[in-house]
Amino acid sequence: MLTACAGGGHGGYTAVGAAGAAPSASARPTGSVTLVPLDGAKGADRPTAPAGEREPAPAATTAATAATATSPSLTTASPGPSSRQDGAQPPRSGPAASGPPRPGTSSAAPAPSPAALTWSTPTRAATDRRWCEKVTVTFANSGGTAVRSGTVTLGTHIIDLLGIDWSTVTSTEPVPAPVAPGSRKAKTWTVCVDAWRVPLGMHVETRVATVDWS
């Protein structure tokens, strides 16, 4: 019978019987033993060293691992505003800042439109004298500026009993200024011609009005 001991704090083991022979049933060991074949795989009977006695890892592997864990050059950082190499600030987004108007522009209200005067056809009314009549003209200003002055030229026709137009006499009257923007004004004048121009049986008719205004 062969007896072997293992160092390093592990329990002993006993090989029973001759090498290569089957163990005898009558020669059973007593106590705590471990049975292993003598021709087991290589290294199977090699005791495992305690954790404190294991060999350290190769220095090259340890140094490479430490460099990988601590080297800042292997750390990937996302680009930010400070990562630009040309020194320029990144473009900013958002509404443009308000400021004074650009040269050549003005925030003042636009100038009002000029005056635009129109007038009606004269309306007539008879008087107690055949060489005179009442004439009314209506003025309207559709512009943005008041009409400040002007003159009205009236054309008075002399008509006989048969309706023949013998002559036309003109007269001038002032425009009823001022005529404010968007307003209307009516003016009535008594228009007369020389009495000798209108013999008995004839009458006058003021048919035309022209206006010069500013």
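Refer to the structure presented above.
Residues take numbers from 1 onward in each chain, read along the sequence in its written order. Note on the predicted model: pLDDT of at least 70 is required for a residue's local features to be given, and 80 or more for side-chain atom pairs to be given and counted; whole-chain, interface and lining totals, by contrast, use all residues. Only hydrogens and water are set aside; all other atoms, that is, all heavy atoms of the structure, feed into the side-chain values.

**Some points on the overall build of the chain**
Heads up, the rule is: Helical segments are the DSSP runs of H or I of at least four residues, strand segments are the runs of E of at least two, and each set is numbered from the N terminus. The buried label goes to any residue with under 20% of its type's maximum accessible area, the exposed label to any with over 50%, and the partly exposed label to all in between, with areas taken from a 1.4 Å probe on protein chains only. The contact rule is simple, with two residues in contact once any of their heavy atoms fall within 4.5 Å. Accessible areas in this description were obtained via Shrake-Rupley with a 1.4 Å probe; residue shielding takes into account the shown protein chains only.
Looking only at helices and strands, the chain features one helix and nine strands. Along its sequence from the N terminus, the chain presents helices and strands in the succession β-β-α-β-β-β-β-β-β-β. Taken across its 214 residues, the chain has 18% of its residues classed as buried. Here the analysis covers contacts within the chain between residues at least 6 apart in sequence; of these, 64% occur between residues at least 24 apart. Surface exposure of the chain reaches about 15900 Å², of which carbon and sulfur atoms provide 57%.

**Quick word on the state of the cysteines**
What counts, and what does not: Working definition: a disulfide is two cysteine sulfur atoms within 2.5 Å of each other.
This structure, assessed with the given rule, holds one disulfide. The disulfide partner of Cys132 is Cys192, and the gap between their sulfur atoms is 2.0 Å. On the sign convention where negative means left-handed, the S-S torsion of about 120° between Cys132 and Cys192 marks this disulfide as right-handed. Placement of the pair is Cys132 in strand 5 (residues 132-141) and Cys192 in strand 8 (residues 184-192), with a sequence separation of 60 residues. With a relative accessible area of 4%, Cys132 lands in the buried category.

**Brief notes about a nonpolar patch on the surface**
Short version of the rule: A patch is a set of surface residues, each over 30% in relative accessible area and not in a salt bridge, joined within 9 Å for like charges and within 5 Å for the nonpolar side chains Val, Leu, Ile, Met, Phe, Trp and Tyr. Should a side-chain nitrogen of Lys or Arg be within 4 Å of a carboxyl oxygen of Asp or Glu, the pair is scored as a salt bridge.
On the surface, a cluster of nonpolar side chains totalling about 540 Å² of accessible area is made up of Leu161, Leu162, Ile164 and Trp166. Secondary-structure assignment places Leu161 in the loop between strand 6 (150-159) and strand 7 (165-174). For Leu161, a relative accessible area of 73% puts it in the exposed group.

**Quick notes on the environment of Thr206**
Basically, it comes down to this: N or O atoms closer than or at 3.5 Å make up a polar contact, with two conditions inside protein: a donor-capable atom paired with an acceptor-capable one, and, for residues adjacent in sequence, both atoms drawn from side chains.
Topologically, Thr206 is positioned in strand 9 (residues 203-213). Sequence-distant contacts of Thr206, defined by excluding residues within four places in its chain, comprise Pro122, Arg124, Glu133, Val135, Leu154, Gly155, Thr156 and Val191. Within the structure, Thr206 has its side chain in polar contact with the side chain of Thr156 (distance 2.9 Å).

**Here's the deal with the pairing of strand 7**
Definition in use: In short, DSSP must find at least two bridges between two strands for them to pair.
With nine bridges connecting them, strand 6 and strand 7 associate as antiparallel partners. Looking at strand 7, one finds that Ile158 is bridged to Ser167.

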